[in-house]
Amino acid sequence: GNHANVVLVNLIDEAGAKFRLVGLSATPGSGIKEIQNVVTTLRISQIEVRTEDDPVVKQYIHNREEENIIVKQPDAIKILDSKFSELVVPILERLREENVSPQLQ
């Protein structure tokens with residue numbers, strides 16, 4: 001995109017300079033596509049991953065409590081979900097019958 005770091009990397013690259021960019025991100029993206037986009041755009045050649053179990057990180061992790069709260073789905077959402085399924089399922093079934101996408105099997 002047009003983030004400052006992307007613009008900077010492009011300018012440095014266009015100038016023909018050799019450079020090394022060192023960065024840190026706790027959230028580079030929520031999925032493989034987003035992360036790959038960051039890697040490609042910033043011309044990243046090496047990635048190091050640290051999890052909360054990593055000894056280097058673990059010393060900074062303090063006690064925490066997690067609580068799962070199950071929220072009842074409102075009836076309006078259930079109705080919308082049902083109506084959406086009524087619209088989509090016949091289309092998906094036809095695509096399966098036509099063997100359009102093996103992923104729909």
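All values reported here derive from a predicted model rather than from experimental measurement. All residue numbers refer to positions counted from 1 along the written sequence of the respective chain. Local features in this predicted model are restricted to residues whose pLDDT is 70 or higher, and side-chain atom pairs enter the listing and the counts only when it is 80 or higher, whereas totals over whole chains, interfaces and linings include all residues. Only hydrogens and water are removed before side-chain values are computed, so all heavy atoms of the structure are retained for them.

(A) Up close: the overall build of the protein chain. Across its full length, the protein chain carries four helices and zero strands. Only runs of H or I of at least four residues qualify as helices and only runs of E of at least two qualify as strands under DSSP, and these elements are numbered from the N terminus. Its helices and strands in sequence order give the protein chain the pattern α-α-α-α, from N to C terminus. Both definitions apply: the radius of gyration is a C-alpha atom measure, and the globule rule equals 2.2 Å times residues to the power 0.38. Since a compact globule built from 105 residues should have a radius of gyration of about 13 Å, the 23 Å found for the protein chain marks it as more spread out than a globular shape. Referenced to the eigenvectors of the C-alpha coordinate spread, the extents of the protein chain come out at roughly 55 × 45 × 25 Å. Classification of the 105 residues of the protein chain by burial places 8% in the buried group. Residue contacts follow a heavy-atom distance rule, with two residues in contact if any of their heavy atoms lie within 4.5 Å. For the protein chain, the share of sequence-separated contacts (at least 6 apart) that also reach a separation of at least 24 residues comes to 28%. For the protein chain, the accessible area works out to roughly 10,200 Å², and carbon and sulfur atoms hold 55% of it. Summary of the burial criterion: residues with accessible area below 20% of their type's maximum are buried, those above 50% are exposed, and those between are partly exposed, where the area comes from a 1.4 Å probe applied to protein chains only. Residue exposure ignores everything except the shown protein chains as possible cover, and the areas themselves are Shrake-Rupley values with a 1.4 Å probe.

(B) Up close: the confidence of the model for the protein chain. Summary of the metric used: pLDDT quantifies the predictor's per-residue confidence within the range 0 to 100. Summing up the model confidence of the protein chain, the mean pLDDT is 82 and the portion of residues at 70 or higher is 92%. Looking across the protein chain, the model is least confident in helix α1 (residues 4-14), with a mean pLDDT of 82, and most confident in helix α3 (residues 55-58), with 88.

(C) Structural context of the pattern of salt bridges. Counted as salt bridges are all cases of a side-chain nitrogen of Lys or Arg within 4 Å of a carboxyl oxygen of Asp or Glu. Enumeration over the complete set of coordinates arrives at three salt bridges. For D13, the salt bridge identified is with R43, shortest N-O distance 3.4 Å. With D13 in helix α1 and R43 in the loop between α2 (32-41) and α3, this pair connects stretches of sequence that are 30 residues apart. Since its relative accessible area comes to 37%, D13 is described here as partly exposed. Assessed through its relative accessible area of 39%, R43 is described here as partly exposed. Where D54 meets R50, a salt bridge forms, and the shortest distance between an N and an O atom there is 4.0 Å. Judged by relative accessible area, which is 17%, D54 ranks as buried. Among the residues examined, R50 registers a relative accessible area of 45% and is labelled partly exposed. Through salt bridges with shared partners, a single ionic network connects E48, R50 and D54.

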